[in-house]
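The primary structure of each chain is shown beneath.
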Amino acid sequence: MLKLAYFDCPSGASGDMILGALVDAGVPFEALERELAGLGVDGYRLERSEVMKGGFRATKVDVHLAGCDRDPGALYSGIGPHDSAGHRGLGEILGILERSQLAPRVREMASRVFRRLADAEARVHGTTPERVQFHDVGAIDAIVDVTGACIGLHLLGIDAVHFGALPVGGGFVNGPHGRIPIPGPATAELLKGFPTLDTGIRRELVTPTGAAILTTLAAGAGAMPAMRVTAVGYGAGTMELETPNVLRVFVGEAAVPAPTATPTETPTETIIQVETTIDDMSPQLYEPLLERLLEGGALDAWLTPVIMKRSRPGVVLTALCEPGRVADLSRLLFEESSTIGVRWTAYQRARLDREMVRLDTAYGPVTFKVSRLDRRVITVTPEFEEIRRIARDRGLAVREVLEQARTEGRRLLSSS
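Residues numbered from 1 in each chain as written. Predicted model: local features only at pLDDT ≥ 70, side-chain atom pairs only at ≥ 80, totals over all residues. Heavy atoms only, no water.

1. Details of the pairing of strand S20 (residues 364-373)
Phase 1: Judged by how many residues are buried, S20 sits mostly within the fold: seven of 10 residues are covered.
Phase 2: Two elements, strand S19 (residues 353-361) and S20, share nine bridges in a ladder whose sense is antiparallel. Paired with arginine 358 across the strands is threonine 367, a residue of S20.
Phase 3: Between S19 and S20, which follow one another and run antiparallel, lie two residues.
Phase 4: Across six bridges, the pairing between S20 and strand S21 (residues 376-382) is antiparallel. Pairing of valine 370 across the sheet is with valine 380, part of S21.
Phase 5: The antiparallel pairing of S20 with S21 creates a hairpin that spans two residues between the two strands, and aspartate 374 there sits at a positive phi of about 55°. (Buried < 20%, exposed > 50% of the residue type's maximum accessible area, 1.4 Å probe, protein only. Helix = DSSP H or I, 4+ residues; strand = E, 2+ residues; numbered from the N terminus. Pairing = 2+ DSSP bridges.)

Below you can see the structure in the form of C-alpha cells.
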C-alpha cells in the first residue's frame, strides 16, 4: 500500500514546522534524536514542546545552537571562498551527509534538498552551486532541519510527499545582503512551478529551508490526493500571526481498490503506474528520457501515441515503479521532459518467481530468465542481446538461434 504525507501550509512552511508536524504525527522524538546523532554534527540541541497557536495545539521542535539563539527559520547564504571563516560550502555539507551513519534513503533525500537549495542560491547570485556559502550558524540549523525532516519521513514509511499551495507572504526582511523583499530571492526561485497564493499577511511565511524540503521531495502539489488518513500532525512556527501559525501533515494510505480475486496463488504486491501526456517535445529526447527513467528506478517504461484535442498528435509516457520511487520518477519527468503535470495510479499485481540462470548450450554459455509457478518452470527466455551476438558471430538468423536456444534451455532445466 502506498503511504502518503500531505502537508497543508495555511501559514507557510519552515524546517522546524515540518519537523514539528512529523513528530506530532507519530515520529518518536527519541528515535529522531538517535538518528540525527548519526550525522556526526555537534553544536546543537533538539527540544520538543507543546504550544498553542491561535487555539490550535501543536508541537514545536527547536534546534538550539551552542552559544547563540536560533534565527527562526531562515537559512542565509553568502558568496565567498570555500575557506571563509564561519561558512560552509555545498561540498562540505554533502561530505557530512556522505560520511554519516544515516540510512541510504535519508542521505539521498537530504543531499537532493541541499543541491536544489544551492542551485537556487547560485541562480540568484549569478554563480555556481559549488561557490555558494552557507553561514556557519544557519548551516548547522538547516542541516538538522533538512536531515530531520528526511528522517521523519523515513521513520513514518512515507512513499510519496504532497503539499498544498504555499502563501508567499510579503513585506521585507533583513539579511546578510541588506533589506530584501519577501519572498526572498532563493525562496522565490524554489517556488517556481509550484502553486502559491497571497493571504495578505506581510511576513516571511515560507523560508528557503521549508521551500527546499517540500519542493524537492514532493511528488505532487496542489489538491490533497485521495487517501485514507491515519494520522494528522501539527507543527508550530515561531512567529505570532493573524492566523494560527501552524503547518499540518496528513499521513495515510492511497486509496487503492482491492482486487476481487488473485489471478494465481502467487503473492501480490503494490506497483505504481506513473504517466504524463506530452505534445510539444522533440522525438529525439524520448530515448534518453526512457533510459533515465530505467536508471532512476523504473521497472519498465514505454511510449504510446495518442491523438489529443484539436487532432494534435501526442505521446503518453508510462513508467512502472515501486511505491517508494514515485517522487524520484516524477521529479525526473519534470526535469527531463516538457511536461507540467504527472499523474499516477496504484495497482495490485501478481508476479511469478523469477531468476537468471546461466546454461551451457550448443551455442556456448547463455543467460536465461526463468519464471516458476509453485516451483514448476513456466517460461524460459534467453537474453536477447546474447542471442543477437551469437547469431552475428556465427552468421545465423536471429530467429533460428532464439528458437533453438529457448528449446534447449527448457530441456536442460527439465532434466536438472
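Next comes the rest of the account.
2. Some points on helix H1 (residues 15-24)
Phase 1: By the criterion of burial, H1 is predominantly enclosed, with 10 of the 10 residues buried.
Phase 2: For H1, the full list of buried residues reads Gly15, Asp16, Met17, Ile18, Leu19, Gly20, Ala21, Leu22, Val23 and Asp24.

3. Quick notes on the packing of aromatic side chains
Phase 1: Inspection of every chain in the model, using the stated rule, returns three aromatic pairs.
Phase 2: On the numbers, 5.7 Å between centres and 40° between planes, the contact of phenylalanine 56 with tyrosine 234 is tilted. One end of the pair, phenylalanine 56, is in strand S3 (residues 56-65); the other, tyrosine 234, is in strand S13 (residues 227-236), and 178 residues separate them in sequence. (Phe/Tyr/Trp six-rings, centres within 6.5 Å; stacked < 30°, edge-to-face > 60°.)

4. Concerning helix H8 (residues 286-295)
Phase 1: Every buried residue belonging to H8 is among Tyr286, Leu289, Leu290 and Leu293, and all of these are buried. Axial view of H8: buried residues confined to an arc of 100°, hence all on one face. Looking at H8, the residues exposed on the side facing more than 90 degrees away from the buried face are Glu287 and Glu295.
Phase 2: Immediately beyond the C-terminal end of H8, within one or two residues, lies glycine 297, with a positive phi of roughly 115°. (Arc of directions from axis to C-beta.)

5. With respect to the sheet that holds S20
Phase 1: Taken in spatial order, the three strands make up an open sheet running S19-S20-S21, and their pairing is antiparallel. On the outer flanks of this sheet lie S19 and S21, each paired with one strand and no other. Shown here is a sheet whose adjacent strand axes are inclined to one another by a mean of 35°, direction ignored.
Phase 2: Lying on the sheet, helix H10 (residues 384-394) is in contact with S19, S20 and S21; it crosses S20 at an angle near 150°.
Phase 3: Against the sheet, helix H11 (residues 398-415) touches S19, S20 and S21, its axis set at about 145° to S21. (Axes fitted to C-alpha atoms, helices over the stretch in contact; angles between N-to-C directions. Contact = heavy atoms within 4.5 Å.)

6. Some remarks on the layout of surface pockets
Phase 1: Put simply, the largest pocket is a space of about 740 Å³.
Phase 2: If you go around the largest pocket, you meet 36 residues; those closest to its centre are Ala218, Ala219, Gly220, Ala221 and Phe334.
Phase 3: Those elements that provide at least two residues to the lining of the largest pocket are helix H4 (104-125), helix H6 (185-190), strand S12 (218-221), helix H9 (326-336) and strand S18 (343-350).
Phase 4: Split into classes, the residues belonging to the lining of the largest pocket amount to 20 nonpolar, eight polar and eight charged. (1 Å grid on protein atoms, 1.4 Å probe; cavity = no way out; pocket = protein on both sides within 12 Å on 5 of 7 lines; lining within 4 Å. Points joined across faces, edges and corners; volume = space filled by probe spheres on them. Nonpolar A, V, L, I, M, F, W, Y, C, P; charged D, E, K, R; others polar.)

7. So, the pattern of salt bridges
Phase 1: Applying the stated criterion across every chain yields a total of 24 salt bridges.
Phase 2: For the salt bridge of arginine 112 with aspartate 328, the shortest nitrogen-to-oxygen distance reads 3.2 Å. Here the residue arginine 112 occupies a position in helix H4, and aspartate 328 occupies one in helix H9, the gap between them amounting to 216 residues. Like aspartate 328, arginine 112 is buried.
Phase 3: Note that glutamate 408 is salt-bridged to arginine 411, the shortest N-O span being 3.6 Å. Within this pair, glutamate 408 and its partner arginine 411 are both found in helix H11, separated by three residues, close to a single helical turn.
Phase 4: Here the salt bridges share partners, and the residues they tie into one network are Glu108, Arg112, Arg325 and Asp328. (Salt bridge = Lys/Arg side-chain N within 4 Å of Asp/Glu carboxyl O.)

8. Focus on the packing of H10 against H11
Phase 1: Packing of H10 against H11 leaves a shortest axis separation of 9 Å and a crossing angle of 125°. Taken together, the axes of H10 and H11 lie oblique to each other. Classified by chirality, the crossing of H11 by H10 is right-handed. On H11, the residues touching Phe384, Ile387, Ile390 and Ala391 of H10 are Val398, Val401, Leu402 and Ala405.
Phase 2: The class makeup of the residues in the contact of H10 with H11 is eight nonpolar, no polar and no charged. (Parallel < 35°, antiparallel > 145°, perpendicular 65-115°, else oblique. Left-handed = near helix turned anticlockwise from the far one by under 90°.)

Such coordinate-based values are descriptive only and should not be taken to indicate function.
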